[in-house]
Amino acid sequence: DAKTTQPPSMDCAEGRAANLPCNHSTISGNEYVYWYRQIHSQGPQYIIHGLKNNETNEMASLIITEDRKSSTLILPHATLRDTAVYYCIVSKGAQKLVFGQGTRLTINP
Amino acid sequence: GAVVSQHPSRVICKSGTSVKIECRSLDFQATTMFWYRQFPKQSLMLMATSNEGSKATYEQGVEKDKFLINHASLTLSTLTVTSAHPEDSSFYICSAREPHRPPFSETQYFGPGTRLLVL
């Protein structure tokens, strides 16, 4: 599976949009981009995933560049409860998820 | 939908004893289940993949005789840590996937985790 690169930490003000970047320059054509988050001492929570097109659900939006080498997770109106470690993972159909170090997002009041 | 539970949520045991952790998919049939381990301030590491009715596939470096996995039904997988030692103290997390039914086929859904402390 392709590797991903994420900034180790980010801060965002409460109520603002949080934009979390992820680079996956070696992604292959049949690999999906998955985003999970882990709040302290809990299991990871699925957020969203996509292949080529941008995706949106009740939690977030996923913007994938045309060349698919990078993506951005957008939390439109961040709240304090969105403070967590966010993982960007590239995988073929979730058969095997390899977790990197993720981005520690802190939402500030 | 897509709820995965684990039991117990935390357990303390003496060195040398065995501990069993249960992972259940509550609203879908999990043909495939995964077991991860997470040490403090580290990321999740995949230990093994199990398919219902067959032997688990272990990742390199994970002792299959120490970490026994049983996936006897479509909704239950168990991880038994045999002869536990303090270095086995960790956060154990399972996930489940139903390969043949979207949207459950398209991602893994994780349980809340089990914190094991071996004294």
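(A) Quick peek at the packing of aromatic side chains. This model, assessed by the stated rule, comprises eleven aromatic pairs over all chains. Ring centres of A:Tyr32 and A:Tyr34 lie 6.1 Å apart, and the angle between their planes is 45°; on these two criteria the pair is classed as tilted. Residue A:Tyr32 is classed as partly exposed on the basis of its relative accessible area, which comes to 27%. Measuring from centroid to centroid gives 5.3 Å for B:Tyr36 and B:Phe110, while their planes differ by 50°, and the two rings are tilted. Remark: B:Phe110 occurs in strand E10 (residues 109-110) and B:Tyr36 occurs in strand E4 (residues 32-38); sequence separation between them is 74 residues. Of the two residues, B:Tyr36 and B:Phe110, both sit in the buried class.

(B) Representation of the sheet that holds strand E7 (residues 67-73) of chain B in the model. Residue and element names in this part refer to chain B. Strand order in the open sheet formed by four strands is E1-E3-E8-E7, and the pairing between neighbours is antiparallel. The open sheet has two free edges, formed respectively by strand E1 (4-7) and E7, since each of these has just one partner strand. Direction aside, neighbouring strands of the sheet carry axes that sit 15° apart on average.

(C) Quick peek at the interface of chain B and chain A. Contacts between the two partners involve 19 residues from chain B, matched on the other side by 18 residues from chain A. Taken as a group, B:Ser43, B:Glu106 and B:Phe110 account for 30% of the area that chain B buries against chain A, more than any other trio of residues on that side. The interface formed by chain B and chain A contains one salt bridge. When the shortest N-O distance is used, the salt bridge between A:Lys96 and B:Glu59 registers 2.9 Å. Our count for the contact surface shared by chain B and chain A stands at six residue pairs in polar contact (both at pLDDT 80 or more). At the level of secondary structure, the elements contributing two or more residues to the side of chain B that touches chain A comprise E4, strand E9 (90-97) and E10 of chain B. Taken together, the residues of the side of chain B that touches chain A sort by class into nine nonpolar, six polar and four charged.

Rules used in this analysis
- Residues numbered from 1 in each chain as written.
- Chains lettered and ligands numbered in written order.
- Predicted model: local features only at pLDDT ≥ 70, side-chain atom pairs only at ≥ 80, totals over all residues.
- Heavy atoms only, no water.
- Phe/Tyr/Trp six-rings, centres within 6.5 Å; stacked < 30°, edge-to-face > 60°.
- Buried < 20%, exposed > 50% of the residue type's maximum accessible area, 1.4 Å probe, protein only.
- Helix = DSSP H or I, 4+ residues; strand = E, 2+ residues; numbered from the N terminus.
- Pairing = 2+ DSSP bridges.
- Axes fitted to C-alpha atoms, helices over the stretch in contact; angles between N-to-C directions.
- Contact = heavy atoms within 4.5 Å.
- Buried area = accessible area lost by both parts, 1.4 Å probe.
- Salt bridge = Lys/Arg side-chain N within 4 Å of Asp/Glu carboxyl O.
- Polar contact = N/O pair within 3.5 Å; in protein donor to acceptor, adjacent residues only side chain to side chain.
- Nonpolar A, V, L, I, M, F, W, Y, C, P; charged D, E, K, R; others polar.

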